[in-house]
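Examining the three-dimensional arrangement
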Amino acid sequence: MDLEVNGSPAPVSDAPGATAADHIRDRLGLTGTKIACGDGVCGACTVLIDGSPTVSCLLPADALPGRSVTTVEGLGGAHPVQRAFAAHDGLQCGYCTPGFVVSAAAFTDAWRTEHGDTRPDRDTVADALAGHLCRCGAYEGVFAAVAAACAGDFDTEPDQDPPRADAHDKITGRAAFTVDRAPRGCWEGVFVRSTHPHARIRSLDPAGARVDAGTGAEAHSTPVFVDLLGGDRVVRYVGQPIAAVAAPTRARARAAAEAVRVDYEPLPAVLDAEAARAPGAPVLYPTREERKASPSHAEGSELPAPWRGNVRGPFTLGWRAGTAMKRLRAAERADDPRLVAREYTTAAQLHTALEPHACVADWSTDATLNLYMSTQAVSDMATAVAERWGLPRDGVRVITDHVGGGFGAKAAMTADVVASVELSRLAHAPVRVTLTRAEELTDTGYRPGTRTRVALLADDGGDLAAMSVDSYGDGGVSHGSMAATLAALMYGRTPRRTRDFDVVTNQAPGAPFRGPSAPPMAFALEQAVDEMALRLGEDPLSLRRRWDGNARRQALYDRVAELPVWADRPRGRRTGRFRRGVGLAASTWLFLVSPKSKVELTVENGAVVVRSATQDIGTGIRTVLRDVVADRLGAPPSSLRVEIGDSTSVHGSGAGGSRTTNSMGPAAAEAADRLRRALREGSPGVPPSGPVPEPALKEALSRAEGLRVVGGRSLDRWERMSSLLSGDADFAVGRGLIGAVHVMEVEVDTLLGRVRPTRCWAGIAAGRIYSPRLARNQCEGAVVQGVGYALFEERRTDPATGAVLTDNLEDYRIPGLGDVPETEVYFHEEGFEHVPGGGVGLGEVSAVGVAASVANAVSDATGWRPHDLPIRPDRLIEALR
Amino acid sequence: MTTTRPSDLDTALSLLRQTGARPRSGGTDLTACLAHGVLAPAPVVDLTGIAALAGIDWRQDGSARVGALTSVHELSADPGLRRAYPALARTAEALATPQVRRTATLGGNLLQRNRCWYLRNPAFDCFQTGGGSCPAREGDHLHGVAVDQGPCVAPHPSTLAVALVAYDAVARIEGGDEGAGERPVADLYDPGDPTRDHVLGPAQVLAAVSLPAPAPASGPPTCGRPGGPGPSGRWWR
Ligand SMILES: Cc1cc2nc3c(=O)[nH]c(=O)nc-3n(C[C@H](O)[C@H](O)[C@H](O)COP(=O)(O)OP(=O)(O)OC[C@H]3O[C@@H](n4cnc5c(N)ncnc54)[C@H](O)[C@@H]3O)c2cc1C
Ligand code: SF4
Ligand code: FES
Ligand code: FES
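Now for a quick tour of the structure. (Residues numbered from 1 in each chain as written. Chains lettered and ligands numbered in written order. Predicted model: local features only at pLDDT ≥ 70, side-chain atom pairs only at ≥ 80, totals over all residues. Heavy atoms only, no water.)

1. Looking at the overall build of chain B
- Tallying secondary structure elements over chain B gives 9 helices and 8 strands in all.
- Its C-alpha atoms give chain B a radius of gyration of 18 Å, near enough to 18 Å, the size a compact globule of 237 residues would have.
- Reported as C-alpha extents along the three principal axes, the dimensions of chain B are approximately 50 × 45 × 30 Å.
- On chain B, roughly 10900 Å² of surface is accessible, and the fraction owed to carbon and sulfur atoms is 53%.
- Positive and negative charge centroids in chain B, built from 21 and 22 side chains respectively, lie 8 Å apart. (Helix = DSSP H or I, 4+ residues; strand = E, 2+ residues; numbered from the N terminus. Rg over C-alpha atoms; globule rule 2.2 N^0.38 Å. Areas by Shrake-Rupley, 256 points an atom, 1.4 Å probe, with all protein chains shown as cover. Lys, Arg positive; Asp, Glu negative; His and termini not counted. Charge placed at Lys NZ, Arg CZ, Asp CG, Glu CD.)

And the structure:
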């Protein structure tokens with residue numbers, strides 16, 4: 001029987017056990033169809049089978065014959081829903097997009113047949129696309145796009161280009177991610193991972209796999225093996241890489257990995273923070289050397305702190321700390337009702353980027369080491385690889401066209417990179433290492449859980465008199481928590497003391513995650529502030545207006561006061577099964593910059609090419625570069641070609657610390673100004689500013705063929721605040737704190753314990769906005785992730801063995817379309833005039849306070865204050881019983 | 001691992017008996033179980049070409065026979081089933097995802113393997129994978145249902161079965177040494193036996209499920225939320 005794919009006959013599968021997704025991607029080369037969960041949960045692999053959206057990762061390939069298959073490539077790019085996704089920016093990284101548009105196309109066609117050109121409501125769209133998850137959280141754009149396509153708004157190509165430069169590649173499935181790369185003759189690499197939480201490895205038997213360069217024919221087919229253990233031969237968590245194996249096919253690599261014999265000498269383990277702090281607990285890092293070599297999950301360099309057993313800390317920050325503690329102790333003795341002192345906990349949140357960590361290394365020749373890498377730091381990774389393997393920097397080339405999400409977990413050199421490079425050297429062939437979803441959710445980091453004690457004291461006038469915050473981070477074998485330290489940045493300069501600790505355990509390490517340490521801080525602190533408002537009988541907004549010295553957030557509070565969702569919120573005790581509530585949270589994040597960022601512009605074949613070794617993880621830096629250069633040069637955006645994600649270009653910023661846009665934007669502006677000046681020298685018809693008339697531009701460019709200029713982003717004196725966190729990395733802390741205020745409305749089902757966020761207002765004070773639609777998308781997505789953090793997300797491990805139980809997307813639940821509030825984003829654009837470009841980062845500040853606002857809303861609705869995240873149904877029901 | 005796709009039931013039954021192959025319908029659960037190492041690779045008899053296992057038939061007395069190959073989507077969308085057995089239709093439209101429901105079948109749903117996160121994690125052995133213990137009992141079951149009815153604490157995960165049991169539905173089984181027969185849907189499962197998910201023998205096939213005519217006097221059974229003011233929107237998942 002034949003198989004028809006996108007209207008043409010296609011070969012059927014002869015690979016035993018293959019899924020339809022494997023067949024479509026690997027055999028037919030249609031890599032627009034993505035695999036993210038492999039478990040039927042996320043929808044990335046959706047294709048149309050005989051016209052109906054169907055899960056291809058759980059469909060056996062040998063069930064395909066006789067069916068007609070349409071993949072995203074078969075939609076052609078001109079389906080109204082594809083145009084609508086591009087125009088309404090219903091995407092960020094684009095990894096989930098092919099699946100979304102395939103389902104949405106089928107839904108739109110069916111809807112219009114049945115209902116004519118009318119708009120489906122939000123609930124209908126959410127139901128229809130309930131089988132799709134987007135970790136970037138581009139749901140507002142998806143809702144708008146599907147409704148508009150149904151209404152017939154996109155039956156013809158819109159006049160305007162889509163806001164995102166690479167939208168077309170992403171809606172057609174053409175955008176190539178690292179997992180889509182399979183160079184000719186590519187081998188597959190697989191890890192051997194620890195099954196013990198703590199053990200010394202006595203010996204490793206590669207079971208016939210080759211451990212050296214080999215000779216003759218065997219060098220071309222025998223599996224190869226590399227040992228990944230450190231000098232101490234100790235594994236400290238379940239899932240830690242021990243070795244890696246590569247073979248010409250994935251099946252053979254897996255078999256070879258299974259054959260590897262590991263001889264473990266089990267050591268006593270501590271699986272949770274309580275056990276780690278118990279007297280006599282086995283110590284993870286007994287020696288100074290081991291402590292020094294232990295991993296950090298901090299962004300940038302870590303705060304210095306002493307160790308005691310398995311506890312690292314405190315790192316103390318104080319401002320009249322003695323006074324603060326004296327006041328707090330006195331208030332406690334006096335049972336002062338204006339003392340709010342409580343402990344709050346948060347669960348570990350997994351990054352869950354839909355594209356897993358992946359690296360394809362080709363070191364088959366002695367020339368350049370070529371890497372395709374799913375990374376947030378193309379430039380830094382090329383440097384790090386060169387250093388690690390002793391190569392000249394230009395002997396390494398890292399290519400990263402598109403990254404299917406990172407959120408902080410792809411900013412360092414991860415095991416997939418190390419393994420693929422080492423294996424490629426032995427195999428004399430390119431080697432691809434792609435993590436499975438289970439590996440991704442076990443060993444690529446997470447936002448560590450926290451236990452935080454906050455004490456706030458108000459004086460007779462209701463002003464903040466003292467504050468203390470002690471926080472314990474729970475980052476497994478890693479450390480670097482700074483939740484308490486970040487709290488010191490909030491609410492003025494009243495006497496305060498903050499202390500950060502880490503407790504290390506035999507669990508996988510955490511990693512920086514969108515505003516590291518800040519969401520747990522905001523959750524704890526903002527619960528306490530709301531509690532204080534309640535005690536003082538004051539409106540939560542007016543209390544913050546009095547306490548908060550930050551002018552940028554003050555501007556946001558002024559807006560909040562006018563918002564219907566806030567001003568008209570229900571008051572008093574609510575009854576009945578479904579109760580509504582509205583909550584508010586303030587938050588902050590640092591202004592970080594990459595001072596080494598550069599952008600180069602070259603005139604090639606009469607066109608301007610924009611290049612830099614930066615990368616687009618969904619935030620839209622490709623678009624920002626295009627728009628900034630177009631604006632400063634006075635050329636239409638469509639006339640520019642942007643080529644990023646290649647380390648051979650000039651240094652570009654890594655994506656982390658919300659620093660890409662504010663670092664790369666000014667560099668692009670400087671480059672464009674230089675180019676303009678150079679063009680004017682040759683062609684006086686080019687005006688000094690404003691749009692350049694097309695003929696003049698054409699003429700100027702033809703004269704300037706081959707011209708190359710570079711612009712940079714130096715940090716001037718007014719901007720720099722401190723080098724405390726930066727070390728010598730491409731990382732500096734700028735002057736001025738970024739602010740945000742979130743207002744959240746929820747509806748609590750008191751019978752089933754479920755919380756449904758209904759509306760959200762996100763006020764962001766990050767200075768001038770570079771690309772408004774893309775910035776809005778970032779902030780909307782941050783609300784989605786924050787809702788997940790507030791309500792569902794929780795990494796769970798087996799108490800007996802430490803194995804991660806939430807290693808799949810069915811058991812690790814991230815928000816879908818139906819879980820998220822209708823979100824409005826407001827930008828306060830003043831306050832960063834001292835910064836070139838006038839704008840700072842917003843990727844992180846937009847995420848920090850979301851969960852805190854959900855919790856305050858739940859408390860407003862029910863009268864019960866959550867002290868633990870996530871706010872699970874069992875916790876709510878228990879509390880309201 | 002070969003797949004055969006017979007077009008009649010007898011051939012399928014004899015293939016199952018002679019080759020030790022495994023029946024497959026939509027294949028969604030089988031594929032997931034192979035990927036997670038819950039099941040070892042084995043030859044497959046694809047049932048989807050067998051007309052006798054397909055279709056929804058209504059009898060004179062108002063009862064219905066629903067073929068095992070009926071997709072979960074059809075269960076939720078068929079106007080007759082929606083009218084007569086709304087709890088079944090509403091359960092069907094709420095399980096898994098739309099893309100799974102298109103290809104997942106009634107038979108496969110009733111006979112799927114347990115979704116217990118210990119069973120599906122290759123790090124653990126348990127009664128259901130030939131081991132001698134149940135790690136879930138002492139372990140973490142935050143997202144799971146734990147019922148202490150036998151050595152295995154995870155009840156069968158089929159939500160369709162819950163609705164079918166409520167309607168007193170009966171399953172039709174074909175083949176195997178035990179011979180053809182009918183048994184109430186509830187008796188497809190034996191909580192006392194932790195080594196398997198359901199009672200069918202390896203060479204048996206679930207052919208159809210019959211639902212008695214809805215009792216007219218009592219009206220359609222209701223499901224969903226009890227009275228009181230409803231939420232402003234709909235709940236998902
Ligand atoms: C993300 C996700 C969420 C889910 N949520 C739910 C849920 O909420 N509720 C729920 O009930 N289910 C849920 N499921 C399970 C889903 O319903 C099943 O995967 C599906 O129904 C199986 O049907 P299938 O036809 O694909 O079965 P298959 O994979 O073909 O078969 C499943 C098993 O049954 C056997 N089998 C199949 N048909 C027959 C037959 N006619 N006779 C004898 N043996 C047979 C097979 O040998 C196999 O062992 C979920 C699945 C996913 C992926
Ligand atoms: S015996 Fe049952 S409950 Fe226990 S681990 Fe196995 S499937 Fe889960
Ligand atoms: S990859 Fe198939 S549903 Fe997630
Ligand atoms: S755009 Fe949806 S996962 Fe990134």
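2. Here we look at the packing of aromatic side chains
Residue and element names in this part refer to chain A.
- Following the criterion strictly, the structure yields 13 aromatic pairs over all chains and no others.
- Relative to Phe100, the ring of Phe85 lies with its centre 6.4 Å away and its plane at 50°, an arrangement referred to as tilted. Within this pair, whereas Phe85 is found in helix H3 (residues 80-87), its partner Phe100 is found in helix H4 (residues 97-115), the two being separated by 15 residues in sequence.
- Among the residues examined, Phe85 registers a relative accessible area of 0% and is labelled buried.
- Under the relative-accessibility criterion, Phe100 is labelled buried at 1%.
- Each ring, one from Tyr285 and one from Trp307, has its centre 6.0 Å from the other, and the planes form 80°; the classification is edge-to-face. Taken together, the residues Tyr285 in the loop between helix H9 (273-277) and helix H10 (288-293) and Trp307 in strand S12 (residues 307-308) connect sequence positions 22 residues apart.
- Residue classification places Trp307 among the partly exposed positions, given a relative accessible area of 22%.
- Members of the aromatic cluster, connected to one another through ring pairs, are Phe85, Phe100 and Tyr139. (Phe/Tyr/Trp six-rings, centres within 6.5 Å; stacked < 30°, edge-to-face > 60°. Buried < 20%, exposed > 50% of the residue type's maximum accessible area, 1.4 Å probe, protein only.)

3. As for the pattern of salt bridges
All names here are of chain A.
- Under the counting rule described, the total for this entry stands at 75 salt bridges over all chains.
- Salt-bridge contacts for Arg451 lead to Glu343; the nearest nitrogen and oxygen are separated by 2.5 Å. Of this pair, Arg451 sits in strand S21 (residues 449-458) while Glu343 sits in strand S14 (residues 339-346); the two residues are 108 residues apart in sequence, bridging distant segments of the chain.
- Given the relative accessible area of 26%, Glu343 is considered partly exposed. (Salt bridge = Lys/Arg side-chain N within 4 Å of Asp/Glu carboxyl O.)

4. Details of the interface of chain A and chain B
- On the chain B side, the residues contacting the 57 residues of chain A number 39 residues.
- Between chain A and chain B, roughly 3800 Å² of surface is buried when both sides are summed, and carbon and sulfur atoms account for 55% of that area.
- Applying the counting criterion to the chain A and chain B interface returns 3 salt bridges.
- Of the charged contacts in the structure, one is a salt bridge between Asp140(B) and Arg796(A), with a shortest N-O distance of 2.7 Å.
- Here chain A is connected to chain B by 13 residue pairs in polar contact (both at pLDDT 80 or more).
- Among the secondary structure elements, those contributing two or more residues to the side of chain A that touches chain B are strand S4 (52-54), helix H5 (122-128), strand S24 (578-589), strand S32 (738-749) and strand S33 (754-765) of chain A.
- When residues in the side of chain A that touches chain B are grouped by element, the largest group, 4 residues, is from H5(A). (Contact = heavy atoms within 4.5 Å. Buried area = accessible area lost by both parts, 1.4 Å probe. Polar contact = N/O pair within 3.5 Å; in protein donor to acceptor, adjacent residues only side chain to side chain.)

5. With respect to the pairing of strand S34 (residues 822-827) of chain A
All names here are of chain A.
- Burial along S34 is one-sided: Thr823, Val825 and Phe827 are buried, and none of Glu822, Glu824 and Tyr826, which face the opposite way, are.
- Two elements, S33 and S34, share 6 bridges in a ladder whose sense is parallel. Within the sheet, the bridge partner assigned to Arg759 lies in S34 and is Glu822.
- Considered for its hand, the β-α-β crossover made up of S33, helix H23 (residues 772-791) and S34 is right-handed. (Pairing = 2+ DSSP bridges. Right-handed = clockwise from strand over helix to strand, strands pointing away.)

6. As for the nonpolar core
Residues and elements named next belong to chain A.
- The biggest cluster of nonpolar side chains holds 91 residues, and the ones touching the most others in it are Leu456 and Leu525.
- In terms of residues, this core owes the most to one element, helix H16 (residues 518-536), which gives 10 residues.
- Beyond its immediate sequence surroundings of up to four residues, Leu456 is in contact with Leu328, Arg338, Leu339, Val340, Leu464, Ala466, Met467, Leu525, Ala528, Val529, Met532 and Trp547.
- Core analysis: the next-biggest nonpolar cluster, separate from the first, contains 60 residues, Leu129, Val142, Ala167 and Val179 among them. (Core = buried A, V, L, I, M, F, W, Y, C linked by side-chain atoms within 4.5 Å.)

7. Some words on the site of ligand 2
- Close to ligand 2 lie Cys116(B), Tyr118(B), Leu119(B), Cys126(B), Phe127(B), Gln128(B), Cys134(B), Pro135(B), Ala136(B), Cys152(B), Val153(B) and Ala154(B).
- Broken down by class, the residue content of the shell around ligand 2 amounts to 11 nonpolar, 1 polar and no charged. (Near = heavy atom within 4 Å. Nonpolar A, V, L, I, M, F, W, Y, C, P; charged D, E, K, R; others polar.)

8. Digging into the environment of Ala166(B)
- Tracing the backbone shows Ala166(B) in helix H9 (residues 159-166).
- In the structure, Ala166(B) is positioned 82 residues away from Ala84(B) in sequence and 13 Å away in space, judged by C-alpha atoms.

9. Section: the sheet that holds strand S5 (residues 64-67) of chain B
Residue and element names in this part refer to chain B.
- Read from one edge to the other, the open sheet built from 5 strands follows the order S4-S5-S8-S6-S7, with strand pairing classed as antiparallel. Both outer strands of the open sheet, strand S4 (56-58) and strand S7 (181-184), are each paired with one neighbouring strand and no more. On average, each strand axis in the sheet is tilted by 25° relative to the strand beside it, whichever way the strands run.
- In terms of strand pairing, S4 meets S5 through 3 bridges, oriented antiparallel. Across the sheet, residue Ile56 finds its bridge partner in S5, namely Val66. (Axes fitted to C-alpha atoms, helices over the stretch in contact; angles between N-to-C directions.)

10. With respect to the sheet that holds strand S13 (residues 311-319) of chain A
All names here are of chain A.
- On the basis of which strands lie adjacent, the open sheet formed by 6 strands has the order S12-S13-S23-S22-S21-S14 and mixed pairing. Unpaired on one side and paired on the other, S12 and S14 mark the two borders of the sheet.
- As paired strands, strand S22 (residues 464-474) and strand S23 (residues 496-503) are joined by 7 bridges and run parallel to one another. Pairing of Ser468 across the sheet is with Arg497, part of S23.

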